[in-house]
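# Understanding the architecture of this molecule
Here are the chains, one letter per residue:
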Amino acid sequence: MGAGHGHRLHFHGHSVVHRAPAHLKILALLAFVLVVVATPRDWYAAYAVHLAILLGVVAASRVPLGYLLPRMVIEVPFLLFAALIPFIAEGPQVAVALPGGWELSVSEPGLLAAWGLAAKGTLGVLASLTLAATTEPDAVLRGLQRLRMPELLVQIMAFMVRYLDVVTADLGRMLTAMRSRGADPRSPRHWPALARTLGALFVRSYERGERVHLAMLSRGYDGRLPDVEGAR
Amino acid sequence: MTPVLDLQGVAFAYPDGHQALFGVDLHVHPGERVALLGPNGAGKTTLVLHLNGILSAESGHGAGSVRVSGLPVTKKNLAEIRRRVGIVFQDPDDQLFMGSVRADVAFGPANLGLRGAALDKRVMDALEQVGMAEFADRPPHHLSFGQRRRVAVATVLAMEPEILVLDEPSSNLDPASRRELADILRSLDVTVLMVTHDLPYALELCPRSVVLSGGRVVADGRTYDVLTDDELMRAHRLELPWGFDPRSIPVDSLPG
Ligand SMILES: Nc1ncnc2c1ncn2[C@@H]1O[C@H](COP(=O)(O)OP(=O)(O)O)[C@@H](O)[C@H]1O
Ligand SMILES: [Mg+2]
């Protein structure tokens, strides 16, 4: 149990990018995203520069693009939304020629907005994935700590990272148990059972949270994660 | 000699009204290894949580007193009590919550104020004792179950407790991991209270056993005598595994 990897996004390596201090990488990512977001949508050349810089970093990290691109699927719902904008936005219409002699009339500002959203989103997601691929979650958390992120938020994120696998494994076992008793979690007919399973998972996770808290108290926890840096 | 653990008339009811303990008396002396036996629901875990003040008369309806090496378990003394009493919980996933084995073992001593080289030494010594030193930089959730259980023991040893309390230490272990853990526990120079319903394990490790049933202590004596008292065993749902007979074990291989 819990045999999965806590870092499905991490790509093991020893490049300069991997070795750079985590808090600097976080700051760089933040700066990059801010600049991208602030770039006006019609400065097309600037986007080419952004992309070139990002690809340069990816190349330096020696993480293959073939590793990063499939992981960009999280962006898909967002792109679908962007694709809808030209059809629902107001303003002057332009005709877009389609193969086969068809013409499609779409909103011009909508088209621009869609491009902006898609370009900014893609750059942001790719940059974040690069950070995730080159930095262990633990290092990200310590980086955030160095950047004076509030202690409580860092703790919450640390526990999320730690227990994501445990909870996923719990869920996996419960779904297997459902299937073994002839219920298909995907069929709407069995959604009530699935809902009960998820409810049970919530209760289990909550109880686990309580037990972890007891274990922490038993080792002298007083509301502050101690500095264990010395032990590294 | 002051007992390490001194419980007098410990009674406890959970906030929902369920009475789990009815006046438990228990003494454990320095250097002893004692097994706490009892069927499911007997109140063993509830009792364990009293030993370091997680539960007490204050958190429900309770009575009685708990002392650890003479120090009463009260709110004022909690920090010192929790240093003296090291509890290893049943599920290592509850106990290992940091990003690496090293950070996890450091958590307790760091809460005690240790830093730097002293902290590092404490951590490595504890990992050494359970044979897990080479795993210091691995994330706990990448270890096998048996290894996680051993690291859980180390997290507590790193606080240099006066008594080590283990809740069902052999549960879910394969026979080899179970034996390795027994070797480790035997090698430790610390007082041990071991909660278990693994009766052969109790016989192998603990000269003395206390039987808890329905929230009361119903027997306290040599493990061998407890396990061979058929009437007592039947009355409290304690059953030896099939084919296991304590009488067939050579007396000089028993502990103590
Ligand atoms: N949080 C709780 N609230 C109410 N009742 C509880 C709680 N935890 C345990 N109990 C009850 O107290 C009794 C003793 O439980 P426990 O100490 O866990 O037993 P054991 O560890 O010996 O199996 C059981 O009947 C159990 O149902
Ligand atoms: Mg229990």
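Note that the structure is a prediction, hence the values are computed from the model and not measured. (Residues numbered from 1 in each chain as written. Chains lettered and ligands numbered in written order. Predicted model: local features only at pLDDT ≥ 70, side-chain atom pairs only at ≥ 80, totals over all residues. Heavy atoms only, no water.)

## Some words on the packing of helix H2 (residues 22-38) of chain A against helix H3 (residues 44-61) of chain A
Residues and elements named next belong to chain A. Where H2 contacts H3, the axes come no closer than 11 Å and their chain directions differ by 160°. With respect to H3, the element H2 is oriented roughly antiparallel. Crossing geometry of H2 relative to H3 is assigned as left-handed. Across the interface between the two elements, Phe32, Val35 and Val36 of H2 pack against Tyr47, His50 and Leu54 of H3. Taken together, the residues of the contact of H2 with H3 break down into 5 nonpolar, 1 polar and no charged. (Axes fitted to C-alpha atoms, helices over the stretch in contact; angles between N-to-C directions. Helix = DSSP H or I, 4+ residues; strand = E, 2+ residues; numbered from the N terminus. Parallel < 35°, antiparallel > 145°, perpendicular 65-115°, else oblique. Left-handed = near helix turned anticlockwise from the far one by under 90°. Contact = heavy atoms within 4.5 Å. Nonpolar A, V, L, I, M, F, W, Y, C, P; charged D, E, K, R; others polar.)

## Digging into the pattern of salt bridges
Counting across every chain of the model gives 27 salt bridges over all chains. Across the pair B:Asp91 and A:Arg208 runs a salt bridge whose closest N-O atoms are separated by 3.2 Å. Of the two residues, B:Asp91 is situated in the loop between strand S6 (85-88) and helix H3 (92-95) and A:Arg208 in helix H9 (residues 191-218); the pairing between them involves two chains. We classify B:Asp91 as buried; its relative accessible area is 17%. Its salt-bridge partner being B:Arg83, residue B:Glu162 comes within 3.8 Å of it at the nearest N-O pair. (Salt bridge = Lys/Arg side-chain N within 4 Å of Asp/Glu carboxyl O. Buried < 20%, exposed > 50% of the residue type's maximum accessible area, 1.4 Å probe, protein only.)

## Observations concerning the sheet that holds strand S3 (residues 33-37) of chain B
All names here are of chain B. Strand order in the open sheet made by the 6 strands is S6-S7-S8-S3-S9-S10, with mixed pairing throughout. Each of the sheet's edge strands pairs with one partner strand only, and the pair in question is S6 and strand S10 (216-222). Each strand axis lies, on average, 20° off the axis of its neighbour in the sheet, ignoring direction. Sheet analysis places strand S7 (residues 163-167) next to strand S8 (residues 191-196), joined by 5 bridges and oriented parallel. Bridged to Asp167 within S8 is Val195. Contacts between helix H6 (residues 145-157) and the sheet are confined to S6 and S7, with S6 contributing the most and set at about 165° to the helix. (Pairing = 2+ DSSP bridges.)

## Some details on the interface of chain B and chain A
Interface size is often expressed as the accessible area that is lost when the parts come together. Opposite the 33 residues of chain B that make contact, chain A presents 32 residues. The largest share of the area that chain B buries against chain A comes from B:Asp94, B:Phe97 and B:His141, three residues that together contribute 24% of it. Viewed at the interface, chain A and chain B are joined by 5 salt bridges. Counting across the chain B and chain A interface gives 10 residue pairs in polar contact (both at pLDDT 80 or more). For the side of chain B that touches chain A, the secondary-structure elements that each account for two or more residues are H3, helix H4 (101-111), helix H5 (116-129) and H6 of chain B. Ranked by residues supplied to the side of chain B that touches chain A, first place goes to H4(B) with 8 residues. Residues belonging to the side of chain B that touches chain A are distributed by class as follows: 14 nonpolar, 10 polar and 9 charged. (Buried area = accessible area lost by both parts, 1.4 Å probe. Polar contact = N/O pair within 3.5 Å; in protein donor to acceptor, adjacent residues only side chain to side chain.)

## Looking at a nonpolar patch on the surface
All names here are of chain A. On the surface, a nonpolar cluster with roughly 780 Å² of combined accessible area is contributed by Leu84, Phe87, Ile88, Val96, Leu98, Trp102, Leu104 and Leu111. Broken down by element, the nonpolar patch gets its largest block of residues, 3 residues, from helix H5 (residues 76-88). Secondary-structure assignment places Phe87 in helix H5. (Patch = residues over 30% accessible without salt bridge, like charges linked within 9 Å, V, L, I, M, F, W, Y side chains within 5 Å. Areas by Shrake-Rupley, 256 points an atom, 1.4 Å probe, with all protein chains shown as cover.)

## Brief notes about H6(B)
All names here are of chain B. Under the 1.5 Å per step criterion, the end-to-end length of H6 is 19 Å for 13 residues, consistent within 8% with the ideal 18 Å. By the criterion of burial, H6 is predominantly enclosed, with 12 of the 13 residues buried. Buried residues along H6 sit against S6, H3, H4, H5, S7 and helix H7 (175-187). (Expected span 1.5 Å × (residues − 1).)

## Thoughts on the domain arrangement of chain A
Segmenting chain A into domains produces domain 1 (16-141) and domain 2 (150-231). Between domain 1 of chain A and domain 2 of chain A, the C-alpha centre-to-centre distance is 32 Å. (Domains from an automatic or database assignment.)

## Some remarks on the sheet that holds strand S4 (residues 61-68) of chain B
Residue and element names in this part refer to chain B. Pairing is antiparallel across the open sheet formed by 4 strands, whose spatial order is S2-S1-S4-S5. Edge positions in the sheet fall to strand S2 (19-28) and strand S5 (71-72), since each of these pairs with one other strand and no more. In the sheet, S4 pairs with S5 via 2 bridges, with the strands oriented antiparallel. Counterpart to Arg67 in the pairing with S5 is Pro72.

## Quick notes on the nonpolar core
Residues and elements named next belong to chain B. If you look at the biggest cluster of nonpolar residues, it comprises 62 residues, and the most contacted ones within it are Val105, Leu127 and Leu164. Dropping the residues within four chain positions of it, Leu164 is found in contact with Gly86, Val88, Val153, Val156, Leu157, Leu185, Leu188, Val190, Thr191, Val192 and Leu193. Counting 33 residues, the second-largest nonpolar core is a separate cluster that includes Leu21, Ile54, Leu78 and Leu212. (Core = buried A, V, L, I, M, F, W, Y, C linked by side-chain atoms within 4.5 Å.)

## Quick word on the site of ligand 1
Residues and elements named next belong to chain B. In the vicinity of ligand 1, the contacting residues are Tyr14, Asp16, His18, Ala20, Pro39, Asn40, Gly41, Ala42, Gly43, Lys44, Thr45 and Thr46. The contact in question runs from an oxygen atom of ligand 1 to an N or O atom on the side chain of His18, over 3.0 Å. Residue Thr45 places a side-chain N or O atom 2.7 Å away from an oxygen atom belonging to ligand 1. Relative to its free-state accessible area of 570 Å², ligand 1 is covered by the protein chains to the extent of 63%. Per-element accounting of the shell around ligand 1 gives the leading share, 3 residues, to helix H1 (residues 44-51). Within the shell around ligand 1, the residues separate by chemical class into 4 nonpolar, 6 polar and 2 charged. (Near = heavy atom within 4 Å.)

## Considerations on the packing of H5(A) against helix H6 (residues 108-134) of chain A
Residue and element names in this part refer to chain A. Running from N to C, H5 and H6 cross one another at 165°; their axes reach a closest spacing of 7 Å. On the basis of the axis angle, H5 is roughly antiparallel to H6. For the crossing formed where H5 meets H6, the hand is left-handed. The residues of H6 that touch H5, namely those facing Phe78, Leu79, Phe81, Ala82, Ile85 and Pro86, are Gly110, Leu111, Ala113, Ala114, Leu117, Ala118, Gly121 and Thr122.

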